[in-house]
Amino acid sequence: MEHYHIYHNEIPDFLRECIETPIIQRIRSIGMNCGCEYTAFPQFADIDSYSRYDHSIGVALIVWHFTYDRKQAIAGLLHDVASPVFAHVVDFMHGDYLTQESTEDGTEMLIADSTELQAVLKKYELTTGDVCDYHRYPIADNDTPLLSADRLEYTIGNSINYRICTIEDAKCFYNDLIIGTNEYGAPELMFKSTLVAETFAKAALACSKIYISDEDRYAMQLLSEILKYAIEHQIISEDDLYSTEPEVIGKFLSDERTASLWNSFCTYSQITSAPQPKDTGCWRKISAKKRFIDPMVQGEGRISELSSEFADSLNAFRKNSHDYWVCGQH
């Protein structure tokens, strides 16, 4: 899924040179949907391929388009290089799924150890320290619920992929953005039009509901258990988590125990929920990290302050409880 043309009219040479390095090429095979796309759940079964590679290039182009700062653009490009296979599924395996920070571990080391990338950085008089932490750059990343290049890109990418909005809608969102100063005195991507900002905010919230849906949470939890089982039984190693998804799936299929688990995982197509687990089935109670965006309109404020409809929808989303059990059905 390539939608880079929305963000900038070309990929500059310095980014192309970074993109060609092995640590970026690896994440071509790490999906944005954290393994859910391998299931038969209807909301994931027909989506297009959308990888961490696609996302990272998009983030870099957004940062470049608004800042024309090489170090910030490269930091945006590199922010997901430490993503393991199935991405945040590994956070579930590590018990870190409510903060989802463990998948960022090792970013600086990977950048420092990449001979190919270091050669590119040297060419452009940049250091590992300039590009290893995109959190330093508010246009690239900031705290929820603010709008950053990272949140903007995955919202646009997923909104298109989930058929929530069209390419033309995405262009409308993007073309209305500017850099302004927010209520905290920091630079932030914000909208010029209240109507466009509200439409974007509703699309982002629709994506957020998918991110915490029963299907999404269940798939990630079950897949994390398969990964843990495969490691415990030496079918894969911890190092394999930093290879590619096709390689790990191939190892699952090479052993009849994990082949059975993987094939079962891939055929889940619906979810049943209940206040208590039933006697049969694979029941789990799973909390969720609630991600959302409350974009700002220049000179006006946050959409939650300007639209009572959006404010009500956001409050309902934030109050939504996952204090119940879910079970996948084939």
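Residues numbered from 1 in each chain as written. Predicted model: local features only at pLDDT ≥ 70, side-chain atom pairs only at ≥ 80, totals over all residues. Heavy atoms only, no water.

Undergrad: Is there a simple way to explain the sheet that holds strand β3 (residues 270-274) in this structure?
TA: Pairing between the strands of a sheet is mediated by backbone hydrogen bonds and can be parallel or antiparallel. Strand order in the open sheet formed by three strands is β3-β7-β4, and the pairing between neighbours is antiparallel. In this open sheet, the two strands that pair with only one neighbour each are β3 and β4 (283-284). Where β4 and strand β7 (residues 325-329) come together, two bridges link them in antiparallel fashion. Bridge pairing in β7 places Trp283 opposite Cys327. Most of the contacts of helix α13 (residues 214-232) go to β7, to which it runs at about 80°, and overall it touches β3, β4 and β7. (Pairing = 2+ DSSP bridges. Helix = DSSP H or I, 4+ residues; strand = E, 2+ residues; numbered from the N terminus. Contact = heavy atoms within 4.5 Å. Axes fitted to C-alpha atoms, helices over the stretch in contact; angles between N-to-C directions.)

Undergrad: Sorry if this is basic, but what is going on with unusual backbone geometry here?
TA: Leaving glycine out, the prevailing phi sign among residues is negative, and the prevailing peptide bond configuration is trans. Cis geometry marks the peptide bond from Thr144 to Pro145, where omega comes out at 10°. In this model, Phe86 sits at a positive phi of 60°, which is unusual for a non-glycine residue. Within the secondary structure, Phe86 is located in the loop between α5 (70-78) and α6 (89-93). Phi angles above zero are rare outside glycine, and Ala87 is one such case at about 50°. Relative to the elements of secondary structure, Ala87 occurs in the loop between α5 and α6.

Undergrad: Looking at this structure, I do not really get the packing of aromatic side chains. What am I missing?
TA: Any aromatic ring pair is given by two values, namely how distant the centres are and how the planes are angled relative to each other. Scanning the entire structure with this criterion turns up 16 aromatic pairs. Geometrically, the ring pair formed by Phe14 and Trp64 is edge-to-face, given 4.9 Å between the ring centres and 65° between the ring planes. One end of the pair, Phe14, is in helix α1 (residues 13-19); the other, Trp64, is in helix α4 (residues 52-67), with 50 residues separating them in the sequence. In this pair, the class of Phe14 matches that of Trp64, namely buried. Residues Tyr154 and Tyr211 carry aromatic rings whose centres are separated by 6.2 Å and whose planes lie at 75° to one another, so their mutual orientation is edge-to-face. Of this pair, Tyr154 sits in helix α10 (residues 149-161) while Tyr211 sits in helix α12 (residues 194-211), and the two are 57 residues apart along the sequence. For Tyr211, a relative accessible area of 11% puts it in the buried group. Aromatic ring contacts, followed pair by pair, group Tyr38, Phe86, Phe252, Trp262 and Phe265 into a single cluster. Above the ring of Tyr154, the side-chain terminus of Arg291 is found at 5.3 Å from the ring centroid. (Phe/Tyr/Trp six-rings, centres within 6.5 Å; stacked < 30°, edge-to-face > 60°. Buried < 20%, exposed > 50% of the residue type's maximum accessible area, 1.4 Å probe, protein only. Lys NZ or Arg CZ within 6 Å of the ring centre and 35° of its normal.)

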